[in-house]
Amino acid sequence: MMQEKTFGNLVNGEWRISRENPPLEVLSPVDGSLVGRLSSMSHTELDEAISAAKAAQKAWAAYPVYRKAQLMYRAADLLEQMAEEISECLVMEIAKDKKSAVSEVKRSADLLRYTADVGKSLHGEAIFGDSFPGGSRDKMSCVTRVPVGTVLAISPFNYPVNLAISKIGPALMGGNTVLLKPATQGAVSALMMVKAMQDAGLPAGVLNTATGLGSVIGDYIVTHKDIQFINFTGSTEVGQHISALTSMTPVIMELGGKDAAIVLEDADLDFAADNIVDGAYSYSGQRCTAVKRILALDTIADELVEKLKARVERLKTGDPREPGVTVTPLVSTKSADFVESLMRGAIQQGARLVTGGQRTGNLIQPTLLDRVTTEMDVAWVEPFGPVLPIIRVASAGEAVEIANRSEYGLQSSVFTNNLNKAYSIAAQLEVGTVQINNKPERGPDNFPFLGVKSSGMGTQGVRYSIESMTRPKAVTINLT
Ligand code: NAD
């Protein structure tokens, strides 16, 4: 897998380094050190990886389900044994704090085991014709789920292990083979996870990887004739680009978001503040489900702002290797420049800087902006950094209206002690999922997770993911 920090790709059961292109360097956002070198695959080498996946698919689909599940269990155990090594890599490769890095690996092992169990318990159904007018009991349709074929899994930088596993596990349990294309930053950690899966004993070609810059190899793989499904997580911009290129290929798109936390007058404000600060700033806000705006009722806004400020100022920032640090340098200078300009723009337009506002290198201090108006970019744009705008609203109705005016529709939170009111607001919110009295979050991983509008299409979550990457096949028996 590795030669002096050069990581090859898994192709047809072998770790291969590009014969044609020089490697790409992955440098640490923590201290600029070399994390590893990645193979930059040529089109011919990508063809080889996709052919390997295609060639292995029929035999893998026929592999007994309980044995597929055994491999997932073994991979989960190996992954847990590698938790220290992989989490160390996550810390340096994407500047994730150590505690979150360990929890990402452990959660991924749990996810694999759960996926194995769900994969074993998926059954088809038999439908009789006589439930439809004019139909007959002599007609019976046996409906089973069959794999879609070769799945291209494209993952983002922020959860290199978990978001890759959440695609690979369900795809494999559904009988598909996979080509994983991880984000360049995060690919070393993702390849370590793939090694655990391969060492568990996956047959050659069942899981393959492709590294190389998305902007260079992306269009080639997404339009490849032998890719039958694309499971993508990343930015809305890239997701829309891929959708435009691949009209007849089924996709899951999990894209950007602007998750709102709506705080009503009867919320427990200490509880809401704890949740919001955790939700907005952990891993420096680089999470699709980070709280990205607060819509607070005027009547409680002053008190809420004070409670948030006190908590934000207690956050530890800096080096992800230090215990207790949650806000770390952003993944790239480009990203830090973007977040800084969004923050500065809002202050120039009249937002009140409650706390934060400074930048050192790529570390942005956790920033809270009050009195943000709907004229400001920060009210609508996804920062993917530790900047949280507060928009004050006069009523719950106004909160819903502003929440829904966003181009995004991933998740929303409602904080209130009135469950009836919360449920009624949840029903009106144009998002994939709603949290009542909790920060937005993807898990538990057996729950459905999806975005609407520019936040995506298709549904993830173990059973939903397996169903998305399989299709029904109906065989109708006509008794004579
Ligand atoms: P990104 O869109 O820059 O990259 C995502 C992946 O796409 C990477 O593997 C990249 O190499 C690849 N890529 C780039 N160009 C491509 C092309 N032309 N064809 C194919 N692949 C290409 O996203 P990122 O910066 O890694 O991640 C951050 C974004 O991801 C944020 O917008 C965040 O909200 C989103 N995200 C969404 C979810 C979700 O579940 N909805 C989860 C995590 C992150």
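Residues numbered from 1 in each chain as written. Predicted model: local features only at pLDDT ≥ 70, side-chain atom pairs only at ≥ 80, totals over all residues. Heavy atoms only, no water.

1. Quick notes on the overall build of the chain
Now for step 1: Counting secondary structure elements, the chain contains 14 helices and 28 strands.
Now for step 2: Counting the 480 residues in the chain, one finds 57% classified as buried.
Now for step 3: In the chain, 71% of the contacts between residues at least 6 apart in sequence involve partners at least 24 apart.
Now for step 4: On the chain, roughly 19200 Å² of surface is accessible, and the fraction owed to carbon and sulfur atoms is 53%. (Helix = DSSP H or I, 4+ residues; strand = E, 2+ residues; numbered from the N terminus. Buried < 20%, exposed > 50% of the residue type's maximum accessible area, 1.4 Å probe, protein only. Contact = heavy atoms within 4.5 Å. Areas by Shrake-Rupley, 256 points an atom, 1.4 Å probe, with all protein chains shown as cover.)

2. Here's the deal with the site of the ligand
Now for step 1: Around the ligand, a shell composed of 30 residues is seen, among which Ser155, Lys181, Ser235, Leu255 and Glu382 lie nearest.
Now for step 2: Contact between the ligand and Glu382: an oxygen atom at 2.7 Å from a side-chain N or O atom of the residue.
Now for step 3: One nitrogen or oxygen atom from the side chain of Arg442 is found 3.5 Å from an oxygen atom belonging to the ligand.
Now for step 4: In the complex, the protein chains occlude 88% of the 850 Å² of accessible area that the ligand would expose alone.
Now for step 5: One can see that the ligand is located within the largest pocket.
Now for step 6: For the shell around the ligand, the secondary structure elements donating two or more residues are α7 (214–222), β12 (229–233) and α8 (236–245).
Now for step 7: Broken down by element, the residue count for the shell around the ligand peaks at five residues, all from α7. (Near = heavy atom within 4 Å. Polar contact = N/O pair within 3.5 Å; in protein donor to acceptor, adjacent residues only side chain to side chain. 1 Å grid on protein atoms, 1.4 Å probe; cavity = no way out; pocket = protein on both sides within 12 Å on 5 of 7 lines; lining within 4 Å. Sits in = over half its atoms within 2 Å of the grid points.)

3. Observations regarding the confidence of the model for the chain
Now for step 1: Overall, the predicted model of the chain reaches an average pLDDT of 97, with 99% of residues at or above 70.
Now for step 2: Here strand β1 (residues 2–3) stands out as the element of the chain with the lowest mean pLDDT, 52, in contrast to strand β11 (residues 207–209), whose mean of 99 is the highest.
Now for step 3: The complex model carries a pTM of 0.97, and its ipTM stands at 0.98. (pLDDT = per-residue confidence, 0-100.)

4. Description of the packing of aromatic side chains
Now for step 1: All told, the structure shown has three aromatic pairs when counted by the stated rule.
Now for step 2: Here the aromatic rings of Phe157 and Phe384 are separated by 6.0 Å at their centres, their planes lie at 85 degrees, and the arrangement is edge-to-face. Here Phe384 lies in the loop between β21 (367–370) and β22 (387–393) and Phe157 lies in the loop between β9 (150–154) and α5 (162–173), a separation of 227 residues in the sequence.
Now for step 3: The buried category is assigned to Phe157, whose relative accessible area is 17%.
Now for step 4: Each ring, one from Phe271 and one from Phe415, has its centre 6.3 Å from the other, and the planes form 65 degrees; the classification is edge-to-face. (Phe/Tyr/Trp six-rings, centres within 6.5 Å; stacked < 30°, edge-to-face > 60°.)

5. Re a nonpolar patch on the surface
Now for step 1: Nonpolar side chains collect at one region of the surface, where Leu419, Tyr423 and Ile436 lie side by side and expose about 340 Å² of accessible area between them.
Now for step 2: Mapping Ile436 onto the fold places it in strand β25 (residues 433–436). (Patch = residues over 30% accessible without salt bridge, like charges linked within 9 Å, V, L, I, M, F, W, Y side chains within 5 Å. Salt bridge = Lys/Arg side-chain N within 4 Å of Asp/Glu carboxyl O.)

6. Quick word on the sheet that holds strand β8 (residues 139–147)
Now for step 1: Strands sit in the order β7-β8-β28 across an open sheet of three strands; the sheet is antiparallel. Looking at the sheet topology across the chains shown, the edges are occupied by β7 (125–128) and β28 (470–478). For this sheet, the mean inter-axis angle between neighbouring strands, taken without regard to orientation, is 25 degrees. (Pairing = 2+ DSSP bridges. Axes fitted to C-alpha atoms, helices over the stretch in contact; angles between N-to-C directions.)

7. Observations regarding empty space enclosed by the protein
Now for step 1: Scanning the entire structure with this criterion turns up four cavities of 30 Å³ or more.
Now for step 2: In this structure, the largest cavity occupies an estimated 80 Å³ of space.
Now for step 3: What lines the largest cavity is Asn9, Val11, Arg16, Ile17, Ser18, Arg19, Ser39, Met41, Glu45 and Glu48.
Now for step 4: The computed volume of the second largest cavity comes to approximately 70 Å³.
Now for step 5: Around the second largest cavity sit Leu111, Thr115, Ser166, Pro170, Arg442, Asp445, Phe447, Phe449, Gln460, Gly461, Val462 and Ser465, which together line it.
Now for step 6: Listing elements by their share of the lining of the second largest cavity, those giving two or more residues are α4 (98–121), α5 and α14 (462–468).
Now for step 7: When the residues that make up the lining of the second largest cavity are grouped by side-chain class, the tally is five nonpolar, five polar and two charged. (Points joined across faces, edges and corners; volume = space filled by probe spheres on them. Nonpolar A, V, L, I, M, F, W, Y, C, P; charged D, E, K, R; others polar.)

8. Here we look at the packing of helix α3 (residues 83–94) against helix α6 (residues 187–199)
Now for step 1: Contact geometry for α3 and α6: axes closest at 8 Å, N-to-C directions at 165 degrees. As summarised for this structure, α3 and α6 are arranged roughly antiparallel, according to the angle between their axes. Crossing handedness for the pair α3 and α6: left-handed. Here Glu85, Ile86, Cys89, Leu90 and Glu93 of α3 lie close against α6, whose contacting residues are Ala187, Val188, Ser189, Met192 and Met193.
Now for step 2: A per-class count over the contact of α3 with α6 returns seven nonpolar, one polar and two charged. (Parallel < 35°, antiparallel > 145°, perpendicular 65-115°, else oblique. Left-handed = near helix turned anticlockwise from the far one by under 90°.)

9. Let's talk about the pattern of salt bridges
Now for step 1: Counted according to the given criterion, the structure contains 35 salt bridges.
Now for step 2: Two residues, Asp130 and Arg137, come together in a salt bridge whose shortest N-O distance is 3.5 Å.
Now for step 3: Sharing partners across several salt bridges, the network here consists of Glu14, Arg16, Arg19 and Glu48.

10. Details of the pairing of strand β13 (residues 251–254)
Now for step 1: Of the two faces of β13, the one lined by Val251 and Met253 and the one lined by Ile252 and Glu254 are each fully buried.
Now for step 2: Two elements, β12 and β13, share four bridges in a ladder whose sense is parallel. For Phe232, the partnering residue across the bridge sits in β13 and is Met253.
Now for step 3: Between β12 and its parallel partner β13, the chain crosses via α8, and the hand of that crossover is right-handed. (Right-handed = clockwise from strand over helix to strand, strands pointing away.)

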